[in-house]
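Structural overview
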There are 4 protein chains.
Amino acid sequence: MSDEMRVGLIGAGRIGRVHAQTLTRSLPGVTLLGVADVREPAAKSLAEELGVPWWGADYRRLLDDPRIGAVLICSSTDTHAGLIVEAAEAGKHIFCEKPIALDLAQTDRAIAAAGAAGVKLQIGFNRRFDAGFRRVHELVFAGAVGAVHLLHIISRDPEPPPLEYVRVSGGIFLDMTIHDFDMARFLVGSEIEEVMAVGAVLVNPGIGEANDVDTALVTLRFANGALGVIDNSRRAVYGYDQRVEVFGSRGSAQADNSTATSAALLDAGGRHTDKPLYFFLERYAAAYTAELQAFCQALKNDCEPLVAGCDGRAALLAGLAATRSLKEGRPVRLAEVDGEWRRSHSGTGNGARA
Amino acid sequence: MSDEMRVGLIGAGRIGRVHAQTLTRSLPGVTLLGVADVREPAAKSLAEELGVPWWGADYRRLLDDPRIGAVLICSSTDTHAGLIVEAAEAGKHIFCEKPIALDLAQTDRAIAAAGAAGVKLQIGFNRRFDAGFRRVHELVFAGAVGAVHLLHIISRDPEPPPLEYVRVSGGIFLDMTIHDFDMARFLVGSEIEEVMAVGAVLVNPGIGEANDVDTALVTLRFANGALGVIDNSRRAVYGYDQRVEVFGSRGSAQADNSTATSAALLDAGGRHTDKPLYFFLERYAAAYTAELQAFCQALKNDCEPLVAGCDGRAALLAGLAATRSLKEGRPVRLAEVDGEWRRSHSGTGNGARA
Amino acid sequence: MSDEMRVGLIGAGRIGRVHAQTLTRSLPGVTLLGVADVREPAAKSLAEELGVPWWGADYRRLLDDPRIGAVLICSSTDTHAGLIVEAAEAGKHIFCEKPIALDLAQTDRAIAAAGAAGVKLQIGFNRRFDAGFRRVHELVFAGAVGAVHLLHIISRDPEPPPLEYVRVSGGIFLDMTIHDFDMARFLVGSEIEEVMAVGAVLVNPGIGEANDVDTALVTLRFANGALGVIDNSRRAVYGYDQRVEVFGSRGSAQADNSTATSAALLDAGGRHTDKPLYFFLERYAAAYTAELQAFCQALKNDCEPLVAGCDGRAALLAGLAATRSLKEGRPVRLAEVDGEWRRSHSGTGNGARA
Amino acid sequence: MSDEMRVGLIGAGRIGRVHAQTLTRSLPGVTLLGVADVREPAAKSLAEELGVPWWGADYRRLLDDPRIGAVLICSSTDTHAGLIVEAAEAGKHIFCEKPIALDLAQTDRAIAAAGAAGVKLQIGFNRRFDAGFRRVHELVFAGAVGAVHLLHIISRDPEPPPLEYVRVSGGIFLDMTIHDFDMARFLVGSEIEEVMAVGAVLVNPGIGEANDVDTALVTLRFANGALGVIDNSRRAVYGYDQRVEVFGSRGSAQADNSTATSAALLDAGGRHTDKPLYFFLERYAAAYTAELQAFCQALKNDCEPLVAGCDGRAALLAGLAATRSLKEGRPVRLAEVDGEWRRSHSGTGNGARA
């Protein structure tokens, strides 16, 4: 009985549905008690499909329910930080999709609230739970590549999001590259100190009109001396291109794309094999399950989540620095961005942190 | 309501558990109403774990339950044929693990019973539902390799079963190769007409003492003129080795092993990648789900299962011919084995078929 | 001066040209002194192209030249054995293309002549010098695969030879598979004891009219207990398909095809890479050089060639047994074929061997 | 007779030897008449080994020889430009190893001299003749990847050169990356407009003491809008790592490393395959031959070499810009470096170009 875990879900969109299915089908001992979504029909449809006893538009009902120990925040990005604060104040453990927020102020407020309430906060950097990337991480940490010298991350989407989304996304570095910044820290095991971003509009002119880019290279310098580069495109016609390489003094660890099958056709035209899986739901299906398993495990064992609030903050900071680098055409140190915020923050609201 | 499907499970062993999990977690609209196993505690434990309302030692309770439309037969091989007959007489659709039986008499009796009762009978040749093999099958049938000339099947287990099992297994060709005979028919799209088997005891002398072999090559001649070979070993130290190749006038279609990840380590010693997945539960996890989905789909749409009773018979016949070929050191035509049975059968029990 | 090696070439056809180029360009310290071919213009053209001082129709001029230490026999198969005898009697070391002859009588006569004269005799089983196959051989002999259990050889030509050639070739097993029989012995390190061949005419009906097959599977049983299979086709539309696998108690060693490049195109249709190199001149270019280097090295160091006359005989014997197996539809032991020859031989010409 | 081509070689070091062997062994119709090297014994030894009629310390003897139509300049970098000028003035066609010089002044002077004399000048960017890279180039130019968006070049040496060499090398971007700048232009088909370099000393502190880096990432912006990145390391423990990827609107073309064999060992520890070939002599053996074939072909057909003087200049300019970018920590436009030179040049030596 004490092992039973009861959770609530806030946000019944695409990723919310994925998590709800995982909770009800693949996590024995976990019960999804309610689904909240401002679009009540979405909540209802998901709840009915999975046999969840409650649904509604008001997430506060979940926060007020004493049976519920944890909530999953899968609503739109602009609501994340506020919901974290409320959930923390209600004493609920929190799994929150990335990013916490698009600015440091809200992010720090949310992290502080979780800390003050003593609840656990895991951020949805699902890629850390991909078996291939995890293997590379393990090889690096086991010393198989020696001291890390160079990192490569290829991260290309099969198609850009709608322009309405692009306009409110915070820009490619906060929306898309933020996953790669987290992956970079995860694989190299060192903080990003400086970024230099170059970008271009090569996929869709509308993205440029929204003051964003759709193609980018971000060079990274890590605290341990390593260098890295992230390659982003909003459109790879062959599918979701997700590859990493960590090169070091003793070798190189690499993870390639996943394909639907290992089948090949060899004919007069050559050898033909599968292209990568289409997009994140296909590629990271197992990773989505694994991240929730890890979250439940962290709660059960009362230990820190593998991807904590500070990881969300670190990736955000890199994204902000990259955004500035692209705008100003120069390398930007993360400490520069962080320092400005801390100084401005200490001038106006220092008391809150005291 | 009419879409709801209610099933019972007979046999709560390893494969029974796999199917029970699939039924309860991955097949919306399907309800597992009961689990029967002669070892009642096994039935109980599985039923409780998955929230199945009934369990017990007596499978007849499932056959008598009018709510149940179909049963899965996952008990020991020697019970399959009898259970098929009983289930058919009870008007239940049937999914039965391979093989139907180790002899043609029981196999034909079971198939005839299902036919007479007008119930559907699907045999558990799960490999047909592996995405890679299915792709090869589709390439062949789409004409991508042209006329089929040669078939290769590599099928090696990571370790032999216990000797007690080997002794009652019917021999490697009925126990292990039977899957490959089915795959051969599935990929080539033509009947096996003749087999020539060679075998050796290279893995475990105890297997030889049980009058079986642990290493074998079976050459096949198909009705359409193609030739093929099946390679079997009871022990590949690197895991479950499951590969196929269909070569024809226009090219070659191949499916390779599955691995846990696509990660690679490149170091001073070379390039190191994953070995194949360990065994059938890992390799064919998705295939087990897909075969039950197909079974449910066949019931829902009232159409023939993709793997019917006659497929089970054809694979058995090849296995019997291979067994004789190995024993007598000569090629054996399947018609020879089948003809003897038909003649003997017509002599003693012809009336039953009239 | 003593290191200088002078050789003569008999036969200026396709393979003769390959060897002549290797001798003049890639083997420092070796001089090609003359080219003989019954078609004198062929000899002349090759000699002029490579700056070889002598050419002519009469190979005896090469055998009579005291400066020449070794000859390469690249003429048509029916002349091999006789030329070996003559060259041996002239005291020349001999490199002879495969096969020595199409029957055991001539083969044994040629081997005996070389032995009696004390000259070295290397047979042109070039594939032993392919880097990939050599690596597999080394892995097997280093114990990396443990005790050998199973061998696979895929050996498919891109297109069949002209029918006129097929008619005098001795059949697929003596013409094409003979290379694979040698490879089998080379990789497994044990003698072939028994073969079982199945064949079909699927590529060109004319081959069937010539009493030959164009598609075949030959099952092998080795003295050490291992089993193996050779897969032959006269036409793979995608090029020369040459792969091997040696499976044993500790693992599996494999060599795949060679391709022109490692380039890949990934597009909306999948991933596209190179097909295998077209045919033996492309695939085995380096192997042809290496086999002559090895021959020269054997002469220089006065040690046995890596591929001796007995290797040629063993492959021939397997080919004869496979021919009989195909004809009679039964497994044939090599000892059966050899014994018949020895008995018939001892009856009629025993004195010659005494 | 008119087809005969006679050449001289200046510089009998490592790469000079490679070219001399190609000239004498693999290029029918080409004769190497003499080898000059300031270290006369090196010239002598090479000439004797290959049967070249003349050797000596004084390259002017080659330039004065009226039979000689072309020279290969394989001496130390600091002599290249001067030798090009002298050879051009002597009316000889020129194949010169990269780089022409370490500064624009000498480079322009050399190119101008060749132009004025009407002799052909090919630069030794051998990698353009690698079969894999050439295939990628062809795929890009055939439109298979559509409009180019992103370029990746991985270019890592197996070990750093001696520190004495590093000190006079001009720095990693002029010594090592210059090949990659050329490859970038070759693959993308557009000029590099801007570079941003980051570097680190992670391999050998002595390289840092020589004011150089051993690990670098150089971001490129092309005239056609594409972005690119070059990854360099002076030491990859697993060998010479040379890979490229061109990503565009319709797909991605990639070329991987070359290995000695395609052999694999699959054992309880995983799947083990070859590491890349050790270094440039192994990886680019065929490319070295192909570049000289192309040079001879250009002379024979009186057409422009595939890699002209302007290609050498463009790569140098990128290297100079990268050097400045690394020093100043900012993106540097190539036009900035070129403009400064042109302005300074027009002030002081304009007359020479008039």
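Keep in mind that this is a model prediction, so the values were computed, not measured.

Turning next to the pattern of salt bridges. In total, this model carries 119 salt bridges over all chains according to the counting rule given. As a salt-bridge pair, K44 of chain A and E48 of chain A come within 4.0 Å of each other at their nearest N and O atoms. One end of the pair is K44 of chain A and the other is E48 of chain A, both in helix 2 (residues 40–50) and 4 residues apart, which spans about a single turn. With its nearest N and O atoms 2.8 Å apart, the salt bridge here joins R330 of chain C to E328 of chain C. By relative accessible area, which is 27% here, R330 of chain C ends up partly exposed. Connected through salt bridges with shared partners, the residues R128, D182, R185, E191 and D311 of chain A form a single ionic network.

Below, the discussion takes up the packing of helix 4 (residues 77–89) of chain A against helix 5 (residues 104–117) of chain A. Residue and element names in this part refer to chain A. Between helix 4 and helix 5, whose axes approach to 8 Å, the crossing angle comes to 15°. Taken as axis vectors, helix 4 and helix 5 run roughly parallel relative to one another. The two elements helix 4 and helix 5 meet at a crossing, and its hand is left-handed. Each of A81, G82, I84, V85 and A88 in helix 4 lies in contact with helix 5, whose residues at this interface are Q106, R109, A110, A113, A114 and A117. By residue class, the composition of the contact of helix 4 with helix 5 is 8 nonpolar, 2 polar and 1 charged.

With that settled, consider the sheet that holds strand 5 (residues 93–96) of chain D. Residues and elements named next belong to chain D. If you walk across this open sheet you meet the 6 strands as 3-2-1-4-5-6, and the pairing is parallel. Of all the strands in the sheet, the pair left with one neighbour each is strand 3 (54–56) and strand 6 (121–123). Adjacent strand axes in the sheet meet at a mean angle of 20°, parallel and antiparallel pairs treated alike. Across 3 bridges, the pairing between strand 2 (residues 30–36) and strand 3 is parallel. Within the sheet, the bridge partner assigned to V35 lies in strand 3 and is W55.

Another aspect to go through is helix 1 (residues 14–26) of chain D. Across its 13 residues, helix 1 of chain D extends 18 Å between first and last C-alpha, which sits within 8% of the 18 Å expected from 1.5 Å per residue. The set of residues buried in helix 1 of chain D consists of I15, G16, V18, H19, A20, T22 and L23 of chain D.

Further remarks concern the relation of the copies chain D and chain B. Overlay of chain D on chain B (RMSD 0.0 Å): rotation 180°, translation along the axis 0.0 Å. Read as a symmetry element, the transformation amounts to a two-fold axis. Among all residues of chain D, the minimum C-alpha distance to the rotation axis is found for H272 of chain D, at 2.3 Å. When you check the interface residues of chain D against chain B, 100% turn up at the interface there too, and the contact is symmetric in its surfaces.

What counts, and at which threshold
- Residues numbered from 1 in each chain as written.
- Chains lettered and ligands numbered in written order.
- Predicted model: local features only at pLDDT ≥ 70, side-chain atom pairs only at ≥ 80, totals over all residues.
- Heavy atoms only, no water.
- Salt bridge = Lys/Arg side-chain N within 4 Å of Asp/Glu carboxyl O.
- Helix = DSSP H or I, 4+ residues; strand = E, 2+ residues; numbered from the N terminus.
- Buried < 20%, exposed > 50% of the residue type's maximum accessible area, 1.4 Å probe, protein only.
- Axes fitted to C-alpha atoms, helices over the stretch in contact; angles between N-to-C directions.
- Parallel < 35°, antiparallel > 145°, perpendicular 65-115°, else oblique.
- Left-handed = near helix turned anticlockwise from the far one by under 90°.
- Contact = heavy atoms within 4.5 Å.
- Nonpolar A, V, L, I, M, F, W, Y, C, P; charged D, E, K, R; others polar.
- Pairing = 2+ DSSP bridges.
- Expected span 1.5 Å × (residues − 1).
- Least-squares fit on C-alpha atoms with pLDDT ≥ 70 in both.

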